[in-house]
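Chain residues, written in single-letter form:
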Amino acid sequence: MSDMSDTHRPQATASHEAHNAVVTGQFGPQASAYLTSANHAQGADLEQLAAIARAHPNAQVLDLGCGAGHVSFFTAPHVARVVAYDLSADMLGVVAGEAAKRGLTNVDTQLGAAESLPFVDASFDLVFSRYSAHHWADVGAALREMRRVLKPGGRVVICDVASSGQPLFDTYLQAVEVLRDTSHVRDYTLGEWMTMAAGAGFSVASLTPRTLDLDFKTWTTRMRTPESMQVAIRALQTAMADGVRQHFKIQDDGSFTLDTLTLELVVG
């Protein structure tokens, strides 16, 4: 792409590169499954992003950690251009193919990590990210990169699973997430997000809590979770205190509910 630049790009550490290899190994083979995933292809958070996009018809948009491209597909009809950006070349192939099928000629794809964006300063009016940040090796670095590539007056919107911050619930949440998907890093609390955002020069313009219902079989099949890990998750669900089962609404078949958060960030 013509706006690629190495001038300000942070250098990835060896540990980040090793983690990123795990991420691409997990998600690449399942790219098509994420395109058809109901949890990813619909939701009030996607509608919120589309509404923001409609209010900025001339916007250059970065879909950061785009996965199978649902944010790109929802926002592209309302803006000038969307760059779908992801670590996985397989995911980007799915995005490009589906965008072509939908006639979305203003969607471009770009390969790379969230912590090292190959774009010059002030490239984008809007930066959107949905269900990706909990995989990033360094969210603080990614937020600083978002701040760098954001145009004056622009905004960042991040949607992700959120931890309540209650220690027992947090321990359980991170445990089942990493058992299901070894590329998981952390589901952050609102307080952690606010601290990281402030550290990157952002303030919170709005926050919207929601819940996400997950079918256990679909959730594990989509990630190709090994049988042994599925058994471990189910055993953990059964062994936890009643308060945990009630908070996550754990059902007899292992299905459950997670808290999510949509954060709208502005500079200052």
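Residues numbered from 1 in each chain as written. Predicted model: local features only at pLDDT ≥ 70, side-chain atom pairs only at ≥ 80, totals over all residues. Heavy atoms only, no water.

Asker: In this structure, what is going on with the pairing of strand 1 (residues 60-64)? I would like to understand it.
Answerer: The side chains of a regular strand alternate between both faces of the sheet. Taking burial as the measure, the five residues of strand 1 include five buried ones, the bulk of the element. Across the two faces of strand 1 the burial is the same, with Gln 60, Leu 62 and Leu 64 and Val 61 and Asp 63 all buried. Relative to strand 2 (residues 81-86), strand 1 runs parallel, the two sharing five bridges. For Leu 64, the partnering residue across the bridge sits in strand 2 and is Tyr 85. With respect to chirality, the unit in which strand 1 leads through helix 5 (residues 70-75) into the neighbouring parallel strand 2 is right-handed. (Buried < 20%, exposed > 50% of the residue type's maximum accessible area, 1.4 Å probe, protein only. Helix = DSSP H or I, 4+ residues; strand = E, 2+ residues; numbered from the N terminus. Pairing = 2+ DSSP bridges. Right-handed = clockwise from strand over helix to strand, strands pointing away.)

Asker: When you look at the nonpolar core in this model, what are you seeing that I'm missing?
Answerer: One recurring pattern in soluble globular proteins is that nonpolar side chains are buried together. Core analysis: the largest hydrophobic core is formed by 29 residues, its most contacted members being Leu 62, Leu 64, Val 127, Leu 143, Met 146, Trp 193 and Phe 202. Of all the secondary-structure elements, those providing two or more residues to this core are strand 1, strand 2, strand 4 (124-130), helix 7 (139-149), strand 5 (150-161), helix 9 (190-199) and strand 7 (256-267). By residue number, the principal contributor to this core is helix 7, which donates five residues. With 22 residues, the next largest nonpolar core counts Leu 46, Leu 49, Phe 73 and Ala 76 among its residues. (Core = buried A, V, L, I, M, F, W, Y, C linked by side-chain atoms within 4.5 Å.)

Asker: Sorry if this is basic, but what is going on with the packing of aromatic side chains here?
Answerer: Geometry of an aromatic ring pair is reported as the spacing of the ring centres plus the angle between the planes. Taken as a whole and judged by the stated rule, the model has seven aromatic pairs. With 6.1 Å between their ring centres and 80° between their planes, Phe 169 and Phe 248 make a pair best called edge-to-face. On the criterion of sequence distance, the pair formed by Phe 169 in helix 8 (residues 167-180) and Phe 248 in the loop between helix 12 (242-247) and strand 7 is long-range, its members being 79 residues apart. Considered together, Phe 169 and Phe 248 belong to a single accessibility category, that of buried residues. Taken together, the aromatic side chains of Tyr 85, Phe 119 and Phe 124 make up a single cluster linked through ring pairs. One cation-aromatic arrangement involves Arg 234 over Phe 216; the distance from NZ or CZ to the ring centre is 5.8 Å. (Phe/Tyr/Trp six-rings, centres within 6.5 Å; stacked < 30°, edge-to-face > 60°. Lys NZ or Arg CZ within 6 Å of the ring centre and 35° of its normal.)

Asker: What should I look at first to understand the side chain of Thr 189 in this one?
Answerer: Counting through the fold element by element, Thr 189 comes out in the loop between helix 8 and helix 9. Residue Thr 189 is classed as buried on the basis of its relative accessible area, which comes to 14%. With residues up to four places along the chain from it excluded, the contact list for Thr 189 reads Ser 163, Ser 164 and Gly 165. (Contact = heavy atoms within 4.5 Å.)

Asker: I tried to follow the environment of Asp 215 on my own but got confused; where do I start?
Answerer: Note that Asp 215 resides in the loop between strand 6 (202-214) and helix 10 (216-222). Between the alpha carbons of Asp 215 and Thr 257 there is a distance of 8.8 Å; along the sequence they are 42 residues apart. Residue contacts for Asp 215: discarding those within four places in its chain leaves Asp 253 and Ser 255.

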